[in-house]
Amino acid sequence: MSTAIANVEHYLEAFTRLPRTAEPDWLKQLREDAFARFCQTGLPTTHDEDWRFTNVSAIAKTEFELPVDPPQLSAADLSAWKFPASAIELIFVDGQFAAEFSTIGSLPPGVQVSSLKEQNTKHSNAAKEQLGRYLNVERDAFAALNTAFISDGAFVHVSRGVVVEVPIRLLFVSTQAAAPRMVHPRNLLVFDQESQATVIEEYVSLGGGTVLSNSATELVAGANATVSHYMIEREKVDAFNISTLRIQHERSANVASHSLLLGGGLVRNNVHPVLAGEGGECLINGLFVGEGRQHLDNYMHVEHASPHCSSRQFYNGILDGHAHGVFHGRIVVHKDAQKTDAKQTNRNLLLSDDAQIDTKPQLEIYADDVKCTHGATIGQIDENALFYLRSRGIDEISARRLLLMAFASECLERMAAGPAREYSERLIHEHLLKIADHVTTASASVQNRSWEEVG
Amino acid sequence: MSLLEIKNLHASVDGHEILKGINLTINPGEVHSIMGPNGSGKSTLAQVLARRQAYHVTAGSINFLGKDLLEMKPEEAACEGVFLAFQYPVEVPGIGNTYFMRSALNAIRKHQGLDEMDAMDFLPMFREKLKLLDMDEKLMNRSVNEGFSGGEKKRNEILQMAVLQPRLAILDETDSGLDIDALRIVANGVNALRSTERGMLVVTHYQRLLNYIVPDFVHVLVDGRIVRSGGPELALELEEKGYSWTEGARQPEPASA
C-alpha cells in the first residue's frame, strides 16, 4: 500500500509541472478529473480481479519522468522503421509528434489526419465532443493516468462515405532512456457513417532503458463504417507497454481489431469494444509471441449493448523460455442485447517447460436469447508433424518455423488482404524465424501431448 | 555397392527392446518385403531407417550408400535419398500441400547441389505425378493431409515419393485400410517408381499387397528377428499357414489361424 501512495505523490509532482497554458479549458478539466480519479485508486494490484495475472508493481515502484526535449534524430535513424508500402504516416518520438519524419501528403477530401495536440491548441473544439467520452477512467487507473497526462497522438476524422485507400500508420518511437521515462500517447479516431479505413498503431524502441508507454485510443465507428485497427507492439524487452483500445460501434458498424504482440517486457493489451447499435460486428483477433521473461497480457472486454450484434475473439499465443501469457476474455451481454452472437477462442503453444499461460473466460449474460461460446487450448509443437516434415528433407529449424507459422497464420487469415496484412505477415515471419532458431535445442525432451480443452 | 546394409540391428523404445538383431541387405533395383504379425517390430524398423529419434539403436550398424545412416538426422537421411511412406500420415494444418512438396523437393535439391525449382517448373511436374496417383488437384490447395480420407492420405504418401524420387523407399503398411481400387492405384504408383537405381522395402501385414507389388525377396519378422527369408512364394505360404507357423518354428505353441 505504501508504494502505491508514494507513487501517486510522484505522479502528482509530474502532474503539477505539466505545461498546460496553451490548452482549452475543457481539456484542463478533463485532466483534472482524471487525475483526481487516479489519486483515489492508485495503480492496480493482483488483488484486483482484472489484474489477477499481471503484477504491475515494477511500474508502481519506478519513478517515471515525463520526456524532456527529445534527442535530435535524423531521417536515417528512422528509415528502418518506415512503412514499406504507401501510407499516411504519423511519427511520434518520445510521445511528441515529429512532423519532419511524418508523411501526411495531400489527403483526400473529407479526411483529416493530424497531431491531436495541434488540434487541441489550434482548433480547440474539434476533438472536444469525443475526446474522453468513451474511455472509462473510473474503472481503469491506466486510462485515468493517460487522460491526466494526455500528451500527443493522432487525430483522425474520416467523413461520411469516404474510403481511405492507404493505411493510416501511427508509429510511436521511444529513444534511449537514461532515466525511467513515461509517455501517454492518446489517439482519437473518428469514422463517420459508411466510411472505411485501416489504422496501424505501432510501438518500437530505438534505444533501450526503462520506458513506459501508456497509450489510449478511442475509436468511433459510425453506422455502417468498416474499420480495421492494428496494434503492433515491437518494443525492446525492457519496455513497459500498457495500451487501451476503446471501440464505439454504432449501428451495423464493422470493426476488426488485430493485435500483434511481438516485443515489450511487460505488456498489457486492453481491447474494449462496445456494440452500441444494432447489427454491429466486431472481430478481435490477436497473436502474442513471447520469449525470455516477457509478460504479455491480453484483456478483452466485449460489451454487447444492443441486439443482433456479433463478436468474434480469436487469440493465438506462442510462448517460449520463461514467458508468461495471459488471455482474459470478458463478454458482457446487456439486458436488451437479444440475439447476441459472441464467440471466444484462445489457442496457445507452449514451447518450453517454463513458459506459462493463464487463460480465463468471463461471461456475464443478462439477456435470455443469446449465443455465447468460449474455448481454450494449450499444447506444444506436434512432434509427429515435426518428424513428418523432417522426414521429407526439411531441416529442423525450417520445420519448426513452418509449424509456428502455420499456427500464426490462423491469425493472418482473419486480416483483410492488403498492405497491413502483408506487413504483419512479414513481421511475424521474421520474428518466428528467431524463435524457431532458439527452440531447436531446448525442446528435445518435450513430450508430445495433444490439445487439451480447458474451457 | 549395396544400397542398404543392416547388420545386427538392435533398437529399443522406452527401455523395451523391439529389434533384436536384424540383418538385411538391399541392392539397387530390388524390392524386399517384410511381413510379420503385430508387434513384431516392422514399423520400428521403418522408423529407425527414417531416423526417428524416439527409437534408440543399442547395437549394430546401418550402411546406406556407403554412409553411416545412424549418424544422420531425419532430414539428412531424406536428403541422402531415404523415404518413408508413413503408416499413419500426419495432418499438418496451416501448411499447404503444394508449398510443402516444393519446400521438401528444394531442400533435397539444395543438398544435391541443384538449383531450387520455382513454381513455374514445379507445377507441370507436380501435375503429372498427381495424374499418376489419380488425385484431384484441388486437394493440393488444402493443408497437408487435413481432412483427407484414409485412402487419400496413403496416395499422398506415394505422390510425395514420386516427387522426391528417393533411392530407398520404405512403405510402412501402405495397404492397410485401403479398398481394392485404392490399393490398385497405390500399387500402380509404386510400380511406376520401380527402377534399377532404386531399392524398396515394403512393410506389410497382409499378403494382398504383394499380388500387386511383387517383391524379389520376402522376409518374415517375428519378435524383432528375421526368422525366414525367401522369394515371393514365401508370402503365399505365410498367407496360407498364418504367422503362427513361423512362430511355431521358434517357440512351440498351440496353432491358431
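Residues numbered from 1 in each chain as written. Chains lettered and ligands numbered in written order. Predicted model: local features only at pLDDT ≥ 70, side-chain atom pairs only at ≥ 80, totals over all residues. Heavy atoms only, no water.

A.B. asks: Would you mind showing me how to read the overall build of chain B here?
C.D. replies: What chain B contains, in helices and strands, is nine helices and twelve strands. Whereas a compact globule of 257 residues would reach a radius of gyration of roughly 18 Å, chain B reaches 18 Å, a difference of no more than 12%. Overall size of chain B, expressed as C-alpha extent along the three principal axes, is 60 × 40 × 35 Å. Residues counted as buried form 51% of the 257 residues belonging to chain B. Restricting to contacts in chain B with at least 6 residues of sequence separation, those with at least 24 account for 67%. Looking at chain B as shown, the accessible area adds up to about 11,400 Å², and 47% of this sits on carbon and sulfur atoms. Between the mean site of the 27 positive side-chain charges and the mean site of the 35 negative ones, chain B shows a separation of 1 Å. (Helix = DSSP H or I, 4+ residues; strand = E, 2+ residues; numbered from the N terminus. Rg over C-alpha atoms; globule rule 2.2 N^0.38 Å. Buried < 20%, exposed > 50% of the residue type's maximum accessible area, 1.4 Å probe, protein only. Contact = heavy atoms within 4.5 Å. Areas by Shrake-Rupley, 256 points an atom, 1.4 Å probe, with all protein chains shown as cover. Lys, Arg positive; Asp, Glu negative; His and termini not counted. Charge placed at Lys NZ, Arg CZ, Asp CG, Glu CD.)

A.B. asks: What should I look at first to understand the interface of chain A and chain B in this one?
C.D. replies: As a measure of interface size, the accessible area lost when the parts come together is often cited. Counting residues at the interface gives 17 residues for chain A and 31 residues for chain B. Carbon and sulfur atoms make up 67% of the area that chain A and chain B hide from each other, which totals about 1,900 Å². For the chain A face of the interface with chain B, the top three residues by lost area are A:Phe387, A:Tyr388 and A:Arg392, together amounting to 43%. Residue A:Arg390 pairs with B:Glu75 through a salt bridge whose shortest N-O separation is 2.6 Å. The tally of links between chain A and chain B comes to nine residue pairs in polar contact (both at pLDDT 80 or more). Put simply, the parts of the chain that give the side of chain A that touches chain B at least two residues each are α7 (383-390) and α8 (396-412) of chain A. The greatest single-element share of the side of chain A that touches chain B, amounting to seven residues, is contributed by α7(A). Residue composition of the side of chain A that touches chain B, by class: eight nonpolar, four polar and five charged. (Buried area = accessible area lost by both parts, 1.4 Å probe. Salt bridge = Lys/Arg side-chain N within 4 Å of Asp/Glu carboxyl O. Polar contact = N/O pair within 3.5 Å; in protein donor to acceptor, adjacent residues only side chain to side chain. Nonpolar A, V, L, I, M, F, W, Y, C, P; charged D, E, K, R; others polar.)

A.B. asks: I keep staring at the side chain of B:Arg52 and nothing clicks. Help me out?
C.D. replies: When you line up the elements, B:Arg52 lands in the loop between α1 (42-49) and β4 (56-64). The buried charged residue B:Arg52 lacks any salt bridge partner; its closest oppositely charged side chain belongs to A:Glu383, at an N-O distance of 6.5 Å.

A.B. asks: Help me out: how do you make sense of the sheet that holds strand β12 (residues 225-230) of chain B in this one?
C.D. replies: Residue and element names in this part refer to chain B. Strands sit in the order β6-β9-β10-β3-β11-β12 across an open sheet of six strands; the sheet is mixed. Of all strands in the sheet, those bounded by a partner on one side alone are β6 (82-85) and β12. Sheet twist, expressed as the mean angle between neighbouring strand axes with direction ignored, is 20 degrees. Relative to strand β11 (residues 217-222), strand β3 (residues 31-35) is paired through four bridges, and the arrangement is parallel. Bridge pairing in β11 places Ser33 opposite Val218. (Pairing = 2+ DSSP bridges. Axes fitted to C-alpha atoms, helices over the stretch in contact; angles between N-to-C directions.)

A.B. asks: Any chance you could explain the side chain of B:Gln207 here in plain terms?
C.D. replies: Residue and element names in this part refer to chain B. Relative to the assigned elements, Gln207 resides in the loop between β10 (199-204) and α7 (209-212). A polar atom in the side chain of Gln207 sits 2.8 Å from the side chain of Asn211. Apart from residues no more than four positions distant in its own chain, Gln207 is found in contact with Met35, Ala235, Leu236 and Glu239.

A.B. asks: Looking at this structure, I do not really get the packing of helix α4 (residues 119-132) of chain B against helix α5 (residues 150-164) of chain B. What am I missing?
C.D. replies: Each pair of packed helices can be described by the angle between their axes along with the distance between the axes. All names here are of chain B. Across the interface, α4 lies against α5 with an axial gap of 10 Å and an inter-helix angle of 135 degrees. Between α4 and α5, the interaxial angle falls into the category oblique. α5 is crossed by α4, and the crossing has right-handed handedness. In this structure, α4 contributes Phe122, Met125, Phe126, Lys129, Leu130 and Leu132 to the contact, and α5 contributes Leu159, Ala162 and Val163. Considered class by class, the residues forming the contact of α4 with α5 number eight nonpolar, no polar and one charged. (Parallel < 35°, antiparallel > 145°, perpendicular 65-115°, else oblique. Left-handed = near helix turned anticlockwise from the far one by under 90°.)

A.B. asks: I keep staring at the packing of aromatic side chains and nothing clicks. Help me out?
C.D. replies: Any two aromatic rings considered together are summarised by their centre-to-centre distance and by the angle between their planes. All names here are of chain A. Enumeration according to the criterion identifies 18 aromatic pairs over all chains in this entry. Look at Phe15 and Phe35: their rings are 4.2 Å apart centre to centre, the planes differ by 5 degrees, and that puts the pair in the stacked class. Highlighted residues: Phe15 in helix α1 (residues 2-17) and Phe35 in helix α2 (residues 25-41), separated in sequence by 20 residues. This pair shows no difference in class: Phe15 is buried, exactly as Phe35 is. (Phe/Tyr/Trp six-rings, centres within 6.5 Å; stacked < 30°, edge-to-face > 60°.)

A.B. asks: Is there a simple way to think about the environment of A:Glu410 in this case?
C.D. replies: Residue and element names in this part refer to chain A. Of note, Glu410 is situated in helix α8. With 55 residues separating them along the chain, Glu410 and Ala355 place their C-alpha atoms 21 Å apart. When residues no more than four places from it in sequence are discounted, the contact partners of Glu410 are Asn316 and Arg347. Within the local environment of Glu410, its side chain forms a polar contact with the side chain of Asn316, the two groups lying 2.9 Å apart.

A.B. asks: Help me understand the packing of α7(A) against α8(A) in this model?
C.D. replies: Residue and element names in this part refer to chain A. In the contact formed by α7 and α8, the axes pass within 9 Å of each other and the chain directions differ by 130 degrees. The pairing of α7 with α8 is recorded here as oblique in orientation. Viewed along their axes, α7 and α8 form a crossing whose handedness is right-handed. Of the residues in α8, those in contact with Glu383, Ala385, Leu386, Leu389 and Arg390 of α7 are Glu396, Ala399, Arg400, Leu402 and Leu403.

A.B. asks: Looking at this structure, I do not really get helix α6 (residues 180-192) of chain B. What am I missing?
C.D. replies: Structurally, the α-helix is built with 3.6 residues per turn, so residues lying three or four positions apart point the same way. All names here are of chain B. Between its first and last C-alpha atoms α6 spans 18 Å; for 13 residues at 1.5 Å apiece the expected length is 18 Å, and the two agree. Every buried residue of α6 is accounted for by Ala182, Leu183, Val186, Ala187, Gly189 and Val190. Taken end-on, α6 shows its buried residues confined to a sector of 155 degrees, consistent with a single buried face. Looking at the buried residues of α6, the elements they touch are α4, α5, β9 (168-172), β10 and α7. Measuring from the backbone nitrogen of Asp181 back to the side-chain oxygen at the start of α6 gives 3.1 Å, which picks out Asp179 as the cap. (Expected span 1.5 Å × (residues − 1). Arc of directions from axis to C-beta.)

A.B. asks: Just checking my understanding: could you explain the nonpolar core for this structure?
C.D. replies: A general trend in soluble globular proteins is that nonpolar side chains are found buried together. Membership of the largest hydrophobic core comes to 116 residues, with the highest contact counts inside it found for A:Leu404, B:Ile6, B:Leu49, B:Ile62 and B:Ile95. At ten residues, the largest contribution of residues to this core is made by α8(A). In this structure B:Ile95 touches A:Leu389, A:Leu402, A:Leu403, A:Ala406, B:Phe100, B:Arg142, B:Ser143 and B:Val144, once residues within four positions along its chain are discounted. Judged by nonpolar contacts, the second largest core, of 46 residues, contains A:Val164, A:Leu219, A:Leu261 and A:Cys309. (Core = buried A, V, L, I, M, F, W, Y, C linked by side-chain atoms within 4.5 Å.)

A.B. asks: I'm lost on the pattern of salt bridges in this one. Help?
C.D. replies: Once the charged atoms of two side chains with opposite charge are near each other, the side chains can pair. Under the defined criterion, the tally for this structure stands at 36 salt bridges over all chains. We note a salt bridge from B:Lys241 to B:Glu237, for which the minimum N-O separation is 3.5 Å. Highlighted residues: B:Lys241 and B:Glu237, both in helix α8 (residues 233-241), separated by four residues, approximately one helical turn. Residue classification places B:Glu237 among the partly exposed positions, given a relative accessible area of 26%. Ionic contacts of the salt-bridge type, sharing partners, join the residues A:Lys82, A:Glu89, A:Arg169, A:Glu202 and A:Arg234 into one network.

A.B. asks: So what exactly am I meant to see when it comes to the sheet that holds strand β2 (residues 16-26) of chain B here?
C.D. replies: Remark on secondary structure: sheet strands pair via backbone hydrogen bonds, oriented parallel or antiparallel. Residue and element names in this part refer to chain B. Read from one edge to the other, the open sheet built from four strands follows the order β2-β1-β4-β5, with strand pairing classed as antiparallel. Each edge of the sheet is formed by a strand with only one pairing partner; in this case those strands are β2 and β5 (67-68). Where β4 lies against β5, two bridges are found, and the strand directions are antiparallel. The residue bridging Asn63 from the neighbouring strand is Asp68, located in β5. Across the sheet, α1 lies against β1 (4-13), β2 and β4, angled at about 110 degrees from β1, the strand it touches most.

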